[in-house]
Amino acid sequence: MSDATAEPSLGRPSLQESKREARTTPRKIWNYQPAPPVTLAPFYDWPPHPIAVVKHVLKTWNPLSERFVSLLVAVLIWCGFSPSLERTAELQLDWIMEIWLRNFLLVLTVAGGLHLYLHTFNRQGNDLRYDARDFARKSKIFHFGNQVWDNMFWTLTTGVFFWTAWEVAMMWAYANGVAPYMTFESNPVWFVVLILLIPYWAGFYFYWMHRTIHWRPLYKYVHSWHHKNVVTGPWSGLAMHPVEHLLLFGDTLLYFVVASHPIHVIFNFMFHGIIAPTSHAGFDAVRLTKRQSFHLGDFFHQLHHRFIDCNYGTVETPWDRWFGTFHDGTPEGDRYINEMRRRAHDKRAKASGGSRTR
Ligand SMILES: [Zn+2]
Ligand SMILES: [Zn+2]
């Protein structure tokens, strides 16, 4: 564990940083990590493990899971905090601002509440915290010189703006017959099946969108903003370049072609509005009692923030394993990813005649 202030370099860690990391291994780079190795969902195992698949699905949908709570929040939002489709047929500032305010308050409550509880008031100390270093202050890397202020600013401005813009487009499209609309009464089976499929659609879209913005020019100008956060907190989940906000919420496009209901769309938004802050909270879980805890963190993605060139998807997407970018959180995984980065660096250096290394 280190108590040094986190001072990440802008963009990818330099080769020197990697070498320094390699020289000093083995060392404890995590204050806490779930028992390694990280395992992927059993969907793509060969031979198939149907019982493991059923267990995984039941676990991800248990009543104390983020997924289930997010669905409840989506239903609550539609029933009590959304304009009717009669109103959304015409673009009017009043209902647009209602959606904006609700999204603003939701992310303020989730990210702000977790930040206050876990980081400001330190209610569980470093218990279950992945990386115990402080957030960066007086840093040239972050806007306003402060990681938390930077993260809050981009979340609450362009983050909420693009979230609202996508939602407004969708509600207008339903009301005007541009997007195919259905209800539970008209097709109960598809209504439920689509709810069950949304997490996998969100993961599918996230992998390919995220992998695309790791293409070096896009990484340099866009995605590196999110990767300033090596030590992450709840406000880091939606702290990113506005172009990334535009793309992140683009998984909404599915509902312009597939029959759905606003509850589906709002549930899909919760993967960004709620699960992005919780998965970046920096803690594996919030302790409720000595034995009970509410799972929050995503160590798979925490490894991505630390090692950059691995774990682009989620534990439910297969491509990191298939394309050789899966880091399982073990020391062997550290070495494998560092070696892969070294080879990629050497290749680039060779291609540029050795004059440029980045
Ligand atoms: Zn990334
Ligand atoms: Zn992230």
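Located above this text is the structure these notes cover.
Residues numbered from 1 in each chain as written. Chains lettered and ligands numbered in written order. Predicted model: local features only at pLDDT ≥ 70, side-chain atom pairs only at ≥ 80, totals over all residues.

Draft legend 1. Structural detail: the overall build of the protein chain. Helix and strand counts for the protein chain stand at 13 helices and 2 strands. The C-alpha atoms of the protein chain give a radius of gyration of 21 Å, which matches the 21 Å a tight globule of 358 residues would have. Each of the three principal axes of the protein chain carries a C-alpha extent, and together these read 65 × 50 × 50 Å. The buried share among the 358 residues of the protein chain stands at 34%. Counting only contacts in the protein chain whose residues sit at least 6 apart along the sequence, the fraction spanning at least 24 positions is 71%. (Helix = DSSP H or I, 4+ residues; strand = E, 2+ residues; numbered from the N terminus. Rg over C-alpha atoms; globule rule 2.2 N^0.38 Å. Buried ≥ 20, exposed ≤ 12 C-beta atoms within 10 Å, placed from the backbone. Contact = placed C-beta atoms within 7 Å.)

Draft legend 2. Inspection of the packing of helix α5 (residues 147-175) against helix α9 (residues 262-273) at higher detail. Two elements in contact, α5 and α9, have axes whose closest approach is 11 Å; the angle formed by their N-to-C orientations is 170 degrees. In terms of their interaxial angle, α5 and α9 are classed as roughly antiparallel. Judged by residue contacts, Trp163, Glu167, Met170, Met171 and Tyr174 of α5 engage Pro262, Val265, Phe269, His272 and Gly273 from α9. Here the residues of the contact of α5 with α9 sort into 7 nonpolar, 2 polar and 1 charged. (Axes fitted to C-alpha atoms, helices over the stretch in contact; angles between N-to-C directions. Parallel < 35°, antiparallel > 145°, perpendicular 65-115°, else oblique. Nonpolar A, V, L, I, M, F, W, Y, C, P; charged D, E, K, R; others polar.)

Draft legend 3. The arrangement of the packing of helix α4 (residues 93-120) against α5 in detail. Orientation of α4 relative to α5, taken along the N-to-C sense of each, is 135 degrees, at an axis distance of 9 Å. Here α5 runs oblique to α4, going by the angle between their axes. The way α4 lies across α5 gives a crossing that is right-handed. Side by side, α4 and α5 meet where Ile96, Ile99, Trp100, Asn103, Phe104, Val107 and Ala111 of the first sit next to Thr155, Leu156, Val160, Trp163, Thr164, Glu167 and Val168 of the second. (Left-handed = near helix turned anticlockwise from the far one by under 90°.)

Draft legend 4. A look at unusual backbone geometry. The omega angle of the peptide bond from Pro36 to Pro37 is 0 degrees, so this bond is cis rather than trans. The topology assignment puts Pro37 in the loop between α1 (15-24) and α2 (50-60). With omega at 0 degrees, the peptide bond leading from Trp46 into Pro47 counts as cis. Along the chain, Pro47 turns up in the loop between α1 and α2. In this structure, Ile308 takes a positive phi of about 65 degrees despite not being glycine.

Draft legend 5. Focus on the nonpolar core. In terms of nonpolar packing, the biggest core is built from 54 residues, with Met170, Ile266 and Met270 touching the most fellow members. Within the residue set of this core, elements represented by two or more residues are α3 (66-80), α4, α5, α6 (188-212), α8 (242-248), α9 and α10 (275-279). Ranked by residues supplied to this core, first place goes to α5 with 10 residues. Counting residues in hydrophobic clusters, the runner-up holds 8 residues, among them Val38, Phe300, Phe307 and Ile337. (Core = buried A, V, L, I, M, F, W, Y, C linked by C-beta atoms within 7 Å.)

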